[in-house]
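Examination of the molecular architecture
Okay, here's what each chain looks like letter by letter:
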Amino acid sequence: MKQAKYRAIVVLVLLTSLVLTIYPSNLVAQEPVVFRQPANEPTGLDPAQGGFGYQEFFSLYEPLVDAYSSGEITPLAAESWTISDDGLTYTFKLREGLMWSDGQPVTAEDYRQSFLRQLNPATAAYSAQEFFPIRNGQAYNLGEIADPEQVGLSAPDELTLVIELEQPTPYFLSYLGNSNYLPVRTDLIEQYGDQWMEAGNHVGNGPYMLVEWVTISAWCSSKTRTTTASGKTTGLWIALSTSSWRMLGTRLSQLLRQVRWMLRLRPRAN
């Protein structure tokens, strides 16, 4: 019993030392922080490239629907949708007032261009096959057709996105909630090239925004934004003032010496 109590005290002391060592004292005084432990540092912030970074993707981008928080598919960026009787046409209505982190409005065309980018063979997307249910999606990805206008994606107005499928696909709606179907700013990708994910260039539509990312015992931060996308954050982000990630060793003895990176994210103001 005494030995177990002693071990508990040692663990508490080490954890306290870790926080005091790696966490800036000026932030401690300002706001609470939640530490989380993803398995790895993000590979990148491009939803088309896959790899590590799933949690970060959903902090920086917002999909049309939430397919994972409650076990049911619920509205997120899209406030509503309809499915045609033949199961081939999905029509989404975006919420009004959605904003990118640079203040530009989020439009249906942004989602359309993002999905086409995933299918564009030049992108070499990690999971392009998840877009193959879309009419002519596979043909476009394989280079059998060159005109993206032939793909079953259209945006008749700023808040309406229409997706036409090759055949009825009951699970397609759940696809729209995963990280591959997150929107990106294709205009900024064209402008900045490979540097579009860098702090200062990156723009997202999620509940957080990127300010800095430096690997090896460094910070990746987000400043508070003045507008929210859907007015909702997912999972444990709700009501948190700040969230931080550290990659830690699996053994307690490694706790203080295997810090590789840190990500601190502050929710956008409502």
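Right above here is the structure, for reference.
Residues numbered from 1 in each chain as written. Predicted model: local features only at pLDDT ≥ 70, side-chain atom pairs only at ≥ 80, totals over all residues. Heavy atoms only, no water.

**Remarks on the overall build of the protein chain**
Rule in force here: Going along the chain from the N terminus, every DSSP run of H or I of four or more residues is numbered as a helix, and every run of E of two or more is numbered as a strand. A simple rule labels every residue: compare its accessible area, found with a 1.4 Å probe on the protein chains alone, to the largest value its type can have, and call it buried under 20%, exposed over 50%, or partly exposed in between. What makes two residues a contact is simply this: any of their non-hydrogen atoms within 4.5 Å. Only the protein chains shown count as cover for residues, and the accessible areas themselves come from Shrake-Rupley with a 1.4 Å probe.
Counting its secondary structure elements, the protein chain contains seven helices and 11 strands. Scored against the burial criterion, the 270 residues of the protein chain give a buried share of 46%. Put simply, 63% of the contacts in the protein chain that link residues at least 6 apart link residues at least 24 apart. In the structure as shown, the protein chain presents an accessible area of about 13700 Å², 53% of it carried by carbon and sulfur atoms.

**Some thoughts on the environment of V162**
By the element assignment, V162 lies in strand 7 (residues 160-164). Residues within four places of V162 in sequence aside, it is in contact with T89, Y90, T91, G152, L153, S154 and P156.

**A few points about the side chain of R185**
This is how the line gets drawn: For the purposes of these results, a polar contact is taken to be a pair of N or O atoms within 3.5 Å, where, inside protein, one atom must be able to donate a hydrogen and its partner to accept one; residues adjacent in sequence count only when each atom of the pair is a side-chain atom.
Tracing the backbone through its elements, the reader meets R185 in the loop between helix 6 (172-175) and helix 7 (186-192). In this structure R185 comes out as buried when scored by relative accessible area, which is 8%. Reaching out from R185, the side chain makes a polar contact with the side chain of D102 at a distance of 3.0 Å. Other than its neighbours up to four places away in sequence, R185 contacts W100, D102, Q104 and V203.

**Quick notes on the sheet that holds strand 5 (residues 89-94)**
Backbone hydrogen bonds hold the strands of a sheet together, and the pairing may be parallel or antiparallel. Put simply, the test is: The pairing criterion is simple: DSSP has to find at least two bridges between the two strands. Fitted lines through C-alpha atoms serve as axes, helices being fitted only where they are in contact, and the angles separating the N-to-C directions of these axes extend from 0 to 180 degrees.
The four strands are arranged 4-5-7-6 in an open sheet whose pairing can be described as antiparallel. A strand with exactly one partner marks an edge of an open sheet, and here the two such strands are strand 4 (78-83) and strand 6 (153-157). Strand-to-strand, the axes of this sheet are offset by a mean angle of 20 degrees, without reference to chain direction. As judged from the five bridges shared by strand 4 and strand 5, these two strands associate in the antiparallel manner. Note that in strand 5 the partner of I83 across the bridge is Y90. Its contacts with the sheet place helix 4 (residues 108-119) against strand 5, strand 6 and strand 7, and it is angled at close to 165 degrees to strand 6.

**Brief notes about the nonpolar core**
Quick note on the threshold: Nine residue types can take part in a nonpolar core, namely buried Ala, Val, Leu, Ile, Met, Phe, Trp, Tyr and Cys, and a core is a set of them joined through side-chain atoms within 4.5 Å.
Core analysis: the biggest nonpolar cluster contains 31 residues, and L64, F92, F115, I134, I163 and L176 have the highest contact counts within it. Elements supplying a minimum of two residues to this core: strand 5, helix 4, helix 5 (137-141), strand 7 and helix 6. Top contributing element to this core by residue count: helix 4, with five residues. Not counting residues up to four positions away in its chain, the partners in contact with I134 are V151, G152, L153, I163, E164, L165, E166, F172 and Y181. L45, V184, I189 and Y208 belong to the second largest nonpolar core, which has 11 residues in total.

**Quick notes on the packing of aromatic side chains**
Note the threshold: A pair of Phe, Tyr and Trp rings is counted when the ring centres sit within 6.5 Å of each other, with Trp represented by its six-membered ring. The angle between the planes then sorts it: under 30 degrees is stacked, over 60 is edge-to-face, the rest tilted.
Applying the stated criterion across every chain yields a total of 10 aromatic pairs. For the pair W81 and F92, a centre-to-centre distance of 6.1 Å together with 40 degrees between the ring planes defines the contact as tilted. One end of the pair, W81, is in strand 4; the other, F92, is in strand 5, with 11 residues separating them in the sequence. Overall, the relative accessible area of 22% leaves W81 in the partly exposed class. Look at F172 and Y181: their rings are 6.0 Å apart centre to centre, the planes differ by 85 degrees, and that puts the pair in the edge-to-face class. Considered together, F172 and Y181 belong to a single accessibility category, that of buried residues.

**Quick look at unusual backbone geometry**
For A124, which is not glycine, the phi torsion reads 55 degrees and is therefore positive. Of note, N136 is a non-glycine position whose phi angle comes to about 65 degrees, a positive value. As for its position among the elements, N136 is in the loop between helix 4 and helix 5. A residue is classified by how much of its surface remains accessible, and N136, at 21% relative accessible area, is partly exposed.

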